[in-house]
Amino acid sequence: MQTSGPSAARQPLPEVNMKFKRATLERAEKFISDIYFTDVNLRGQLYPDTQPVEEIHHYGSSGRYLSPAQATGGRGEVKVGDSFGPTWATHWFRVTAEVPERFAGQQVRLRWNTGCEAMVYSTENEPLQGLTELGGQERTDFILSRSAVAGQRYVFHIEMACNPIMGAGHAGMINPPDPNRTFTLAQCELAVYDPDCAALYYDLELLVAMASKMDDKWPRSYQALYTANEIVNACRVGDRDSYKRCHEIARQFFNQHNGDSQLTIASMANCHIDCAWLWTYEETVRKCARSFASTLRLMEDYPELNFACSQAQQYEWVKVHYPGLYDRMKTAVADGRFISVGGSWVEMDANMPGSEALARQFLVGQRFFKQEFGQYCQVFWLPDTFGYSSQLPQLMTSAGMKYFLTQKISWNLINKFPHHSFKWQGLDGTQVITHFPPANTYGCEVTIDEVLNTVTNLEDKGRVSESLMLYGYGDGGGGPTEGMLERMQRLKDCDGLPRIRPSTPMDFFSKLESTSASSLCTWVGEMYLELHNATYTTQAEIKKANRVGEFLLRDAETVSAFASLLKLADYPHTELLRIWKLFLLNQFHDILPGTSIEAAHDLAKDYYKDVHKSAKQMFVTGLDALLTSSTGQPSTEAAAGAGTDSSSVLTAALVNPFSWQREEVCSVPAGVQVPDGCSVQRNAGDDGSVLALVQVPSLGVACGKTIFSASQASTAVVEAVEESVGAYRLSNKHLHVTIDRHGQLTSLIVNKTGREALPEGQTGNRLVMFDDIPLFWDAWDVMPYHLETRRVLDNATELRVTETGPLRVSVQYKVQISERSHLVQTISLCSNEEFVRFHTRVDWHENRQFLKVEFPVDVSSTEATYETQFGHTRRPTHSNTSWDVAKFELCGHKWCDYSEYGFGMAVMTDCKYGYCAKDKLIRISLLRSPKAPDGNSDMGCHEFSYAVFPHQGSFQDAGVIRQSYNFNHPLSIMARASSSPQAAVPASSSVSWLTIDNPAIVLEAVKMAEEQVEGRPGSLILRLYESFGGRATGNIRFTFPGALNVQSVVKCNILEEAIADSNGATPSLTSSGSQTAQLCVKPFEVVTLRLEF
């Protein structure tokens, strides 16, 4: 290396000694170091000249998405070294600079660094590029000119967001944010950028990495080292002609090509942006703008750059808040370089969203992409989620996508997933071609390590000739950078490394399918992630709001659809779409799992409140329309206000959104007229309400005295008897339940056969606590060793009978969990139910403790069954293999069942998702108390219910599936004034719009079609699925009022587009007179029907 002296030709050395690899390699490393010898090395010459800007004017601080004119509290002129804050604040600056004479003809950049996120805007407030420190120099530059003109003046606005790209955790990334951080303006200057120096820098960076990362046994490693050493010897720092000569040496090395058999890496840029995580939704909006603007700017210089971008929500955010940027994105989409993928509203959690919510992710997402860009996404893109439902292949295929990309499965704790390219077969048999990049990250920087890992990690060697590499900073945004693209150019066909070719998602997958589909292995069923399984429990309030919201949305859509069909009210399409978007956003994979900061969770809870309130109002409005006269004129006392005056005599209305008749013990509000002869039971409290046994037909409405006909005919008896001091027996015609003084079940007998469900000497409803300290990911993980810390809470007090029948009996008790926490539980048995309810209120203030409940079961089976979306999944109850051992905490929806032939036990929950059924024991996970990233996670009061359901026969035959729906969404009487006999639902009558004669076929959703046929009364969508796990044939009988006859039934995909079934046929009406359609379904098949009237 020479740094001065005449430019004379170097004399060759008499001897070249390359025996000391360490010294030679470290010499080359120091030559490009940004720490060592920067005054004489190459790295120090990237910016050979700098000059301060003319002025930095501080406008002040503002809220997000505002302009400098809206900022307040400005300091005027500020300087490098000044600090700004606090955390999450926004500051606006005007930067003025003039190109000095000595910069003329050179590439000039603005360099800005505050250690936090920022964005350059034009003076017209148009976003130009993000300025985010990403651990290097690559995103602190903004190119002003590639050939500067002396005297040229530049004026920009810069928006400074007082938060680092990966949040503001106090003393650790995932810790709760430090609210009082300040950020120093460390750099704001004009700088000459030397592109020849930079080109040589990238050359040496890769040569040094090849020499250090490739195995010493590979000759190519030493060739890279010798080439790097030759360049260092030849380079004259500060001499651009020298840089060009040395770059030619490197070019000759990189142009030594591979053989034909070398693996090819299909590369594409991406930018995984969490909609919320260590920041809130509002900050993500700006992350999107910074990342997308930066990427579009890079596309101007790198024609090979193709950018895959998912999540319709993020597109819409940019459309709303940055319309100019969105127009540029649309242009890039049209050019095929900004590529929409995913097809879902957000990259959702794939474990816990309910059946219809998961389908709506695709419906809402794909419709957005089609409306905005003229086409659906063809690749489902879900790189970062915490497990994969076995119904995803069917749903993504029904949404027009037959390819799937993911990444997170590489995080498995115990077992390495055996494939990178494979066919994934879902619960119903649908297969999709799936790939997860073997570099084991969706945020590659195009380093030699990542390129080598893509080869060495690949599990499908010999089966495939290509794998995928996703490059671009992610999670907090950022996307591709100049350095990544420079490295990729050099490695496109370099001997000793895989080829790298720019690609697109469809290009990669279509080639994979055409060349390798026949040789790919098949993975059947769910892809269980052996990590992050505490997310089924963390943030219990979020999970409860999700479960409740799913049923409220169902109610609102069902009632609104029939009110619309009968021309009694307009269907609230716009409002439903608005709240569905909020609801689907909250199912993002760091919100529903509960792994975000407190502020993000608080905002999500506000969104849930909005969804719940709006859905309830739409339900009331629709029901009121159905209960008015046939002219559609509302009655004088609408349902929304009825029942507020307890002195008036009111009648009752019940709505059943399910496709089976229901009979339940229900609370009747004060003032509602209950017919004489009905068996009633006064509720606890002084609100004047009573309990009564009510009934309502399938998918219908009942009002007046017809609701209470079951109560008039019922002779059911339920009783509570004190068997010994502090111990009680609850019994009805189905069950005998014995409860000891600790609130635990000592006996659970099915009366029909006398079968005891509990093992001898064991108790059920054991509340247990565990220490819950994971290895790192606090809100995410529960480790298997937590099971070694089990403690039974057997200190119940105040056990007493609170209800004595004749419709429901209850026992209540209190448990002091710790000095800080306690719970009160009410155990109830209703006269007509086959299961025992456990209603629980917990005041919870623990630190890294885990509360669960246990039910031992006297059955023998190697598998247990857990509800999932549109079906159920069977999992092992033993620990034979490491794959079985890893399944110690599992996701289920409304129920879990542990059965042998002829008998079993199910548990049901109304808002819990964590279960484990192993070794003749069922556990339900109730509450956690992690401290990061939300330091107050789950602290406070919780209210939830679970139930235990011992049954004869299989869970299918015993009705567990239907009962779990009923348990989650109990009937609720609405009080209203009497209405006209001419109403759509006349007074003292019941109406059923639909019945299905096969219990295996479950109706999951009723809604108006997204697109209506002009001139028709309306198009109704029914979504159904086969729930038992076998082929089923059923008759759907429609009983719509008046002239509202079904003219056709068309089978659709979940995008509501007509399709033919596997035999080329579509379901059809078997008789126009009886209004009946016959439906044949395969196991776990999801069927969408479009009814035209």
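**A few points about the overall build of the protein**
So, point 1. When helices and strands are tallied, the protein shows 19 helices and 57 strands.
So, point 2. Compactness check: the protein gives a C-alpha radius of gyration of 33 Å against a globular reference of 31 Å for 1093 residues, within 12% of the reference.
So, point 3. Seen along its three principal axes, the alpha-carbon backbone of the protein occupies a region of about 115 × 65 × 65 Å.
So, point 4. For the protein, buried positions account for 62% of its 1093 residues.
So, point 5. Residue pairs at least 24 apart in sequence account for 74% of intrachain contacts in the protein once pairs closer than 6 positions are excluded.
So, point 6. Of the accessible surface of the protein, which amounts to about 39000 Å², a share of 48% is contributed by carbon and sulfur atoms.
So, point 7. Distance from the positive charge centre (99 side chains) to the negative charge centre (125 side chains) of the protein: 2 Å.

**Some remarks on the pairing of strand E46 (residues 921-927)**
So, point 1. Burial of E46 is extensive: seven of the seven residues sit out of reach of the surface.
So, point 2. In terms of strand pairing, strand E39 (residues 849-856) meets E46 through six bridges, oriented antiparallel. Across the sheet, Leu 851 pairs through a bridge with Leu 927, a residue of E46.
So, point 3. Where strand E45 (residues 914-918) meets E46, four bridges bridge the pair, whose relative direction is antiparallel.

**Some details on the sheet that holds strand E51 (residues 1001-1008)**
So, point 1. The strand order E51-E52-E57-E54 describes an open sheet built from four strands, whose pairing is antiparallel. Both edges of this open sheet fall to E51 and strand E54 (1048-1052), since each of them pairs with a single strand only. Strand-to-strand, the axes of this sheet are offset by a mean angle of 25°, without reference to chain direction.
So, point 2. Sheet topology note: the E54/strand E57 (residues 1086-1092) ladder contains five bridges and is antiparallel. Directly across from Cys 1052, in E57, lies its bridge partner Thr 1088.

**A few points about the nonpolar core**
If you look at soluble globular proteins, the nonpolar side chains tend to sit buried side by side.
So, point 1. The biggest cluster of nonpolar side chains holds 276 residues, and the ones touching the most others in it are Phe 338 and Leu 1020.
So, point 2. Among residues more than four places away in sequence, those in contact with Leu 1020 are Ala 561, Phe 562, Leu 565, Val 1006, Lys 1007, Met 1008, Phe 1040, Leu 1089, Arg 1090, Leu 1091 and Phe 1093.
So, point 3. Among the nonpolar cores identified, the runner-up in size contains 30 residues, and Val 53, Ala 89, Ala 97 and Val 120 belong to it.

**Some words on the confidence of the model for the protein**
So, point 1. Confidence along the protein averages 93 in pLDDT terms, with 93% of residues attaining 70 or more.
So, point 2. Ignoring residues within four places in sequence, the model shows residues 4-9, a span with pLDDT below 50, making four contacts including any to other chains.

**Observations concerning the environment of Ser 564**
So, point 1. Looking at where Ser 564 falls in the secondary structure, it is placed in helix H13 (residues 540-565).
So, point 2. Spatially, the C-alpha atom of Ser 564 lies 8.9 Å from that of Pro 1017, the residues being 453 residues apart in sequence.
So, point 3. Those residues in contact with Ser 564 that sit more than four places away from it in its chain are Ala 569, Tyr 571 and Met 1008.

Definitions and cut-offs
- Residues numbered from 1 in each chain as written.
- Predicted model: local features only at pLDDT ≥ 70, side-chain atom pairs only at ≥ 80, totals over all residues.
- Heavy atoms only, no water.
- Helix = DSSP H or I, 4+ residues; strand = E, 2+ residues; numbered from the N terminus.
- Rg over C-alpha atoms; globule rule 2.2 N^0.38 Å.
- Buried < 20%, exposed > 50% of the residue type's maximum accessible area, 1.4 Å probe, protein only.
- Contact = heavy atoms within 4.5 Å.
- Areas by Shrake-Rupley, 256 points an atom, 1.4 Å probe, with all protein chains shown as cover.
- Lys, Arg positive; Asp, Glu negative; His and termini not counted.
- Charge placed at Lys NZ, Arg CZ, Asp CG, Glu CD.
- Pairing = 2+ DSSP bridges.
- Axes fitted to C-alpha atoms, helices over the stretch in contact; angles between N-to-C directions.
- Core = buried A, V, L, I, M, F, W, Y, C linked by side-chain atoms within 4.5 Å.
- pLDDT = per-residue confidence, 0-100.

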